[in-house]
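Listed here are the chains, written in short residue letters.
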Amino acid sequence: MGKYGLKIKNFEAAVLYEYNLGLRTSMSMTDAMLSNSLLLDFLEKNGLEDYKGKSTRDVICIKFSFGCNDFKTNMNRLEEQIDKVSCENIEYLEELKEKLKANKERYSKITAQELRTKFYTEGVDVTWTDKKKTTTIHYKMLYRSTGKAKEGSCMFINERLYDKAIRWMRMGIELPEHNAPIVEIGAYASLVGSGIVNRIKIDPKNILVLKDVDSYTKTSVISIETDENKHSFAKKIENYPLKNTMFDGQALIDSSIFPEWGEGYILLRHHFFKAAAFNSEIQLFMKDYFGDEYDTAEVTDMFGRKMKAKDVLLITTDNALKYLKFDVSFEYWSDWVRENGCEFGIVKTAHPSKLGELQRMSYQMVNALDTRKMDSVIKTSLEYIDRLKRDDDFFLDYLRKNANFANDFEVLVALVENDRDFMDSDYFRERRNYVLKNYAMNFKNGRLLQNADNLVIVGSPYAMLLHSVGDDPLSDPTFGVEEVAIQCWTERFDDGEYLAEFRSPFNSLNNLGCLHNKKCKLLERYFNIGKQCIAVNMNGTDFQSRNNGSDQDFSEMGQF
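Here the residue numbering is sequential within each chain, running from 1 through the sequence in written order. Residues qualify for local features only when their pLDDT is at least 70, as the model is predicted, and side-chain atom pairs are given and counted only at 80 or more; totals for whole chains, interfaces and linings, by contrast, use all residues. As a rule here, side-chain values come from all non-hydrogen atoms in the structure, and water together with hydrogens is ignored.

A.B. asks: Please provide a residue-by-residue account of the pattern of salt bridges, values included.
C.D. replies: When a carboxyl oxygen of Asp or Glu lies within 4 Å of a side-chain nitrogen of Lys or Arg, that pair is called a salt bridge. Taken as a whole, this structure holds 24 salt bridges when the rule is applied. Among the charged side chains, a salt-bridge network with shared partners connects Asp-203, Asp-335 and Arg-338.

So this is what it looks like as structure tokens:
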């Protein structure tokens, strides 16, 4: 299998439909990727056929970007083209016109949504032509992941593998004949299809599941409401209750099993399970908390299941366990997890910025700031551009960090390393000026540089440890409530610094907040979240409401 998975083909539904009707002479397709995932692991062990470990025809991707036109629309478009072309090129179009007339009855207007419904319910045939033979495979719709849903595309699988694959993805959960939660199970079953970079073994017997905790605060809000005439108006409300779900989508993972290459957290996937697991000293906490009783101490999960404190390697909440929405027990889920050797997929971990201590703003962030502060906002960017102009080594380092297949930065660096005098050539100077011009254009478009970073959020982690041993998570001593700022902790910034936080993606001025970085010995002792993560106080604050319901299953925010 390839480094990133297996190559597959990507089709446009309308083109495929018309080709199968004989209305097109060719079937266009593009390359796509069936990414490494727990699903791909399963398919490879259960009959998926591949070509030299590089590609497969058993899975395809189909987009529904547009529908099919009726005969009249196609004829009008073709005649418009005929009117525009020169005489010597008209013969081919006239042939198309005759073919169009010959198939008049086959053409009908079908919308993209109607095609989607047809393909979902009936499946679709694809005919593959090789040098020696022609093969037709019938495909059935398998899943549509969150990422694919944004593109309007989904994955189809050879019907030979469909029953086995869909049963495995759904953990054997049978849907009712009426009012079946199709959308919900489709969203959660596809979690095993998420692209992964590695795997980690976690036996369910070492997972402690807690009931998530809601924390409330009251504040002044401006509510947009409608009157009896359906006109909108702004209404100020005092003492309005706001809620934080303190540990929504997060987990704590013991450092003893956290991968060495990980940075602060790992994003985990399995059957109906998704959580960002943050590097923690769970066992150190248990030893400190229980003292001499550590070896025999027990903790109890939300299901009433008792387990030895010394066996806890992962702590999470019911919000990470999506199977609970389908009346499935923890034991049932555990059996399915053990089927693949308890291997959870790791989707990603944290990574530092390519710009070192710097990070780019977006124009939305800039527009949210006070114009009287612009001199200080643009200062770092101006200094950066000036250094790119004056410092040759700094400029070369910039080229190295931003080299890719679409530019010649790597070539420029190689030529300079071979002969330093190349930097004095007209060609290098022209390229340098062009690079600086483009960079300045990004600057003008609001891509300003700041001493900042995009950090992954973990909510009140010490409170989660307290909750794991039955103590009140709202008694968390690591954070306090301030009037202006929300307390946080990250190694990325100095103790006592006040930080501007921007929700990612940043939608409006309402998503701009103020944080106060507070060093805490308890957090330093029990958590290894590094410089790419940030712990935020979820107790008695308006953090999630201010950030459009931000959760902690890999939510990022910009810190400046």
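So, next bit.
A.B. asks: Just give me the short version of the sheet that holds strand S18 (residues 343-349), but keep the residues and values in it.
C.D. replies: In spatial order, the strands read S8-S18-S13-S14-S12-S17-S9; together these seven strands make up an open sheet with mixed pairing. In this open sheet, the two edge strands, each paired with only one partner strand, are strand S8 (198-201) and strand S9 (207-210). Neighbour-to-neighbour, the strand axes of this sheet turn through a mean angle of 35 degrees, independent of strand direction. Strand pairing is assigned whenever DSSP identifies at least 2 bridges connecting the two strands. Under the scheme used here, helices are H or I runs from DSSP no shorter than 4 residues and strands are E runs no shorter than 2 residues, and both carry numbers assigned from the N terminus. Pairing between strand S13 (residues 265-270) and S18: four bridges, direction antiparallel. Its bridge partner lying in S18, Leu-268 is registered against Ile-346. Any pair of residues with heavy atoms lying within 4.5 Å of one another is described as a contacting pair. Axis definition: a line fit to C-alpha positions, over the contact stretch in the case of helices; interaxial angles, taken between N-to-C directions, run 0 to 180 degrees. This element, helix H9 (residues 282-290), spans strand S12 (250-254), strand S14 (273-280) and strand S17 (314-317) of the sheet and lies at about 80 degrees to S12.

A.B. asks: I'd like to hear about helix H14 (residues 409-418), residue by residue, with values.
C.D. replies: Here's how the labels work: a residue is buried when its accessible area is under 20% of the maximum for its type, exposed when over 50%, partly exposed in between, all with a 1.4 Å probe on protein chains only. Within the sequence span of H14, burial applies to Phe-409, Leu-412, Val-413 and Val-416. Projected down its long axis, H14 shows its buried positions confined to an angular sector of 95 degrees, all on one face. Pointing more than 90 degrees away from the buried face of H14 are the exposed residues Glu-410 and Asn-418. Its buried side turned inward, H14 meets helix H13 (392-401) and helix H15 (426-444). Throughout, the arc means the angular range of directions from the helix axis out to the C-beta atoms.

A.B. asks: Any details on the packing of H13 against H14? Residues and values, ideally.
C.D. replies: Running from N to C, H13 and H14 point in directions that differ by 140 degrees, and their axes come no closer than 8 Å. In terms of their interaxial angle, H13 and H14 are classed as oblique. The two elements H13 and H14 cross, and the hand of that crossing is left-handed. Across the interface between the two elements, Leu-396, Leu-399 and Arg-400 from H13 touch Phe-409, Leu-412, Val-413, Val-416 and Glu-417 from H14. Working definition: roughly parallel below 35 degrees, roughly antiparallel above 145 degrees, roughly perpendicular at 65 to 115 degrees, and oblique for all remaining angles. What makes a crossing left-handed is the near helix being turned counterclockwise from the far one by less than a right angle; a clockwise turn instead makes it right-handed.

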